[in-house]
Amino acid sequence: MTESSAAAQSPQSSPSPSYTTAVTVEDFRRNLDAVRARIDAAAKRAGRDATEIRLLPVSKTVPEERLRTAFAAGITQMGENKVQEAQRKSENLADLGISWSVIGHLQTNKAKNVAAFADEFQALDSPRLAGALDRRLQAAGRGLDVYVQVNSSGEPSKFGLEPDDVADFLAALPAYSSLRVRGLMTLAANTSNEARVRECFSIMRRLRDAALEAGTVGDGLLSMGMSGDFEAAIEGGSTCVRVGQAIFGARATPDSYYWPESSEANQSQTDQPPTNS
Ligand SMILES: *Cc1c(COP(=O)(O)O)cnc(C)c1O
């Protein structure tokens with residue numbers, strides 16, 4: 001399957017399907033400059049300081065050789081959705097000193113992998129996982145920056161805590177002393193209905209503000225916004241946008257592999273991308 005036909009068939013394909021694949025250092029610089037310019041413009045519209053908005057490039061599915069080129073263009077932190085893929089890349093690119101962020105749902109039995117190499121974990125969503133991560137981190141003698149993932153869209157296909165459960169979950173996290181709670185993370189509704197997308201971001205901001213008031217969310221950072229919606233996310237208060245396709249180019253792997261149609265489907269998934277057979 002070609003990249004373009006995969007993008008066309010993806011149920012979650014972006015509203016602007018024209019992401020060109022970055023191959024050279026110059027390609028990466030051009031894409032990065034364009035994304036940063038859009039971040040700056042969105043921040044300005046919102047009356048915010050653009051330097052408080054972090055750009056986390058999302059490198060999932062991109063082969064290691066192209067990640068070396070991306071690094072040469074100045075990309076020093078990379079977000080990955082799947083822990084095995086992230087760990088393999090971190091090992092094969094260890095000479096570069098990239099900072100790895102795991103941004104996808106994690107099964108408890110993979111906590112040890114994250115504890116071994118990740119610099120940050122953005123998808124914390126259960127006490128069981130917090131416990132498993134903390135045990136592994138304590139054993140390794142290290143800490144980990146974490147974001148708590150919230151299902152702000154109500155879509156059954158999305159991971160994360162229900163908004164109503166966030167306050168109690170945050171209040172329980174100090175028991176896991178190796179986890180440094182930095183903020184909240186979400187994937188907004190996958191829809192062209194912009195009002196619905198913006199409502200996800202305002203739910204997050206209200207949860208964050210309440211948690212700051214309660215003193216349970218560390219710095220109160222907000223990780224939200226991707227290639228298709230990062231400008232709205234910045235206007236909604238995001239401090240970390242996770243951008244893949246607008247930097248690296250359109251993905252051949254359908255997003256349904258990363259965001260299964262249902263949580264049950266995810267329980268039985270294998271570590272291999274789906275084939276066309
Ligand atoms: C893939 C992914 C992104 C980036 O999506 P793009 O459309 O490539 O910008 C952001 N967050 C998560 C959790 C992802 O899995």
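Each chain has its residues counted from 1, running along the sequence as written. Owing to the predicted nature of the model, reporting of local features is limited to residues with pLDDT of at least 70; listing and counting of side-chain atom pairs is limited to 80 or more, with chain, interface and lining totals taken over all residues. For the side-chain quantities, the full set of heavy atoms in the structure was used; hydrogens and water were omitted.

Q: Please give an account of the overall build of the chain that cites residues and values.
A: For the chain, the count of helices and strands is 11 helices and eight strands. Residue contacts follow a heavy-atom distance rule, with two residues in contact if any of their heavy atoms lie within 4.5 Å. Sequence-distant contacts in the chain: of pairs separated by 6 or more residues, those separated by 24 or more amount to 63%. Exposure was quantified through the Shrake-Rupley algorithm and a 1.4 Å probe, taking into account, for residues, occlusion by the shown protein chains and nothing else. Surface exposure of the chain reaches about 12,400 Å², of which carbon and sulfur atoms provide 49%. Numbering of helices and strands runs from the N terminus; a helix is a DSSP stretch of H or I covering at least four residues, while a strand is a stretch of E covering at least two.

Q: Go over the site of the ligand, please, and point to the residues and values.
A: One heavy atom within 4 Å of a molecule or strand makes the whole residue count as near it. Around the ligand lies a shell of 12 residues, among which Lys60, Asn81, Ser227, Gln245 and Arg251 are the nearest. Any pair of N or O atoms that falls within 3.5 Å is considered a polar contact. Within protein, one atom must be able to donate a hydrogen and the other to accept it, and sequence-neighbouring residues count only if both atoms are side-chain atoms. A distance of 2.7 Å is found between an oxygen atom of the ligand and a side-chain nitrogen or oxygen belonging to Asn81. In the environment of the ligand, an oxygen atom lies 2.5 Å from a nitrogen or oxygen atom belonging to the side chain of Ser227. Within the complex, 98% of the 390 Å² of free accessible area of the ligand lies under protein.

Q: An account of the packing of aromatic side chains is needed here, citing residue identities and associated values.
A: Centres within 6.5 Å are what make two rings of Phe, Tyr or Trp a pair, Trp counting through its six-membered ring; a difference in plane orientation under 30 degrees is then read as stacked, over 60 as edge-to-face, and the rest as tilted. Within the structure shown, the criterion is met by one aromatic pair. Aromatic side chains Phe28 and Phe248 sit 5.5 Å apart centroid to centroid with 75° between the ring planes, which places their arrangement in the edge-to-face category. Within this pair, whereas Phe28 is found in helix H2 (residues 25-45), its partner Phe248 is found in helix H10 (residues 245-248), the two being separated by 220 residues in sequence. The classification of residues rests on relative accessible area computed with a 1.4 Å probe and restricted to protein chains. Under 20% of the type maximum is buried, over 50% is exposed, and intermediate values are partly exposed. Of the residues examined, Phe28 reaches a relative accessible area of 0% and is grouped as buried.

Q: Describe in detail helix H6 (residues 127-140), supporting the description with residues and values.
A: Expected helix span is taken as 1.5 Å per residue step, with the number of steps being one fewer than the number of residues. In this model H6 runs 20 Å from its N-terminal to its C-terminal C-alpha over 14 residues, within 8% of the 20 Å that 1.5 Å per residue would give. Within the span of H6, buried status applies to Leu129, Ala130, Gly131, Ala132, Leu133, Asp134 and Leu137. Each element contacted by the buried residues of H6 is listed here: helix H5 (111-117), strand E4 (120-124), strand E5 (144-149) and strand E6 (179-185). Remark: Gly141 follows H6 within two positions and exhibits a positive phi of approximately 70°.

Q: Describe the UniProt feature "modified residue: N6-(pyridoxal phosphate)lysine" (unreviewed entry) in the chain, with residues and values.
A: UniProt positions are given in the numbering used here, feature names are shortened, and annotations may be inferred rather than shown by experiment. When the UniProt feature table is mapped onto this chain numbering, "modified residue: N6-(pyridoxal phosphate)lysine" (unreviewed entry) sits at Lys60. Position of Lys60 relative to the elements: it lies in the loop between strand E1 (54-57) and helix H3 (64-72). Here Lys60 falls in the buried class, since its relative accessible area comes to 4%.

Q: Help me get a handle on the packing of H3 against helix H4 (residues 83-92), residues and values and all.
A: Orientation is described by lines fitted to C-alpha atoms, with helices fitted over the stretch in contact, and by angles between N-to-C directions that extend from 0 to 180 degrees. Between H3 and H4, the least distance of the axes is 11 Å, while the angle of their chain directions is 65°. Every pair of crossing elements has a handedness; the one defined by H3 and H4 is right-handed. Facing Glu64, Leu67 and Arg68 of H3, the residues of H4 in contact are Arg88, Lys89 and Asn92. As a working rule, the residues Ala, Val, Leu, Ile, Met, Phe, Trp, Tyr, Cys and Pro are called nonpolar, Asp, Glu, Lys and Arg charged, and the rest polar, with Gly in that last group. Per-class residue counts for the contact of H3 with H4 are one nonpolar, one polar and four charged. Handedness of a helix crossing follows the sense of rotation of the near helix relative to the far helix, less than a right angle counterclockwise being left-handed and clockwise being right-handed.

Q: Any details on the pattern of salt bridges? Residues and values, ideally.
A: Definition used for salt bridges: Asp or Glu carboxyl oxygen within 4 Å of a side-chain nitrogen of Lys or Arg. With the rule as written, the count across this model stands at 18 salt bridges. Residue Arg30 pairs with Asp27 through a salt bridge whose shortest N-O separation is 3.4 Å. Placement of both Arg30 and Asp27 in helix H2 is noted, with a separation of three residues, approximately one turn of the helix. Asp27 sits in the buried class, given a relative accessible area of 16%. Asp145 is the partner of Arg182 in a salt bridge, and the nearest nitrogen-oxygen pair spans 3.1 Å. Separated by 37 residues along the polypeptide, Arg182 in strand E6 and Asp145 in strand E5 bring together distant segments of the chain.

Q: Could you give an account of a negative patch on the surface, naming the residues involved and the relevant values?
A: Candidate patch residues must exceed 30% relative accessible area and have no salt bridge, after which like charges are joined if within 9 Å and Val, Leu, Ile, Met, Phe, Trp or Tyr side chains if within 5 Å. Positive: Lys, Arg. Negative: Asp, Glu. His and the chain ends are not part of the count. Working definition for charges: the position is that of NZ of Lys, CZ of Arg, CG of Asp or CD of Glu. Together, Glu162, Asp164, Asp165 and Asp168 line one region of the surface with negative charge. For Asp165, the location among the structural elements is in the loop between E5 and helix H7 (166-172).

Q: How would you explain the packing of H2 against H3 if you had to name every residue and give the values?
A: Contact geometry of H2 with H3 gives a least axis separation of 8 Å together with a crossing angle of 60°. When the interaxial angle is binned, H2 and H3 end up oblique. Read as a crossing pair, H2 and H3 show a hand that is right-handed. Between H2 and H3, the contacting residues are Val25, Phe28 and Arg29 on the first element and Arg66, Thr69, Ala70 and Ala72 on the second. Our angle categories are set so that under 35 degrees counts as roughly parallel, over 145 as roughly antiparallel, 65 to 115 as roughly perpendicular, and the remainder as oblique.

Q: Quick rundown of the nonpolar core? Include the residues and the values.
A: Counting 72 residues, the largest nonpolar core has Val114, Phe121, Leu124, Leu133, Leu170, Leu184 and Ile247 as the members making the most contacts within it. In terms of nonpolar packing, the next biggest core, distinct from the first, is built from six residues, Leu56, Tyr147, Met185 and Cys240 among them. Only buried residues count toward a nonpolar core. Its members are Ala, Val, Leu, Ile, Met, Phe, Trp, Tyr and Cys residues joined through side-chain atoms within 4.5 Å.

Q: Pulling in residues and values, what's your account of the side chain of Thr239?
A: With respect to the secondary-structure elements, Thr239 resides in the loop between helix H9 (230-235) and strand E8 (240-243). Thr239 gets classed as buried once you look at its relative accessible area, which sits at 13%. Not counting residues up to four positions away in its chain, the partners in contact with Thr239 are Arg48, Glu52, Ile53, Arg54, Leu221 and Leu222.

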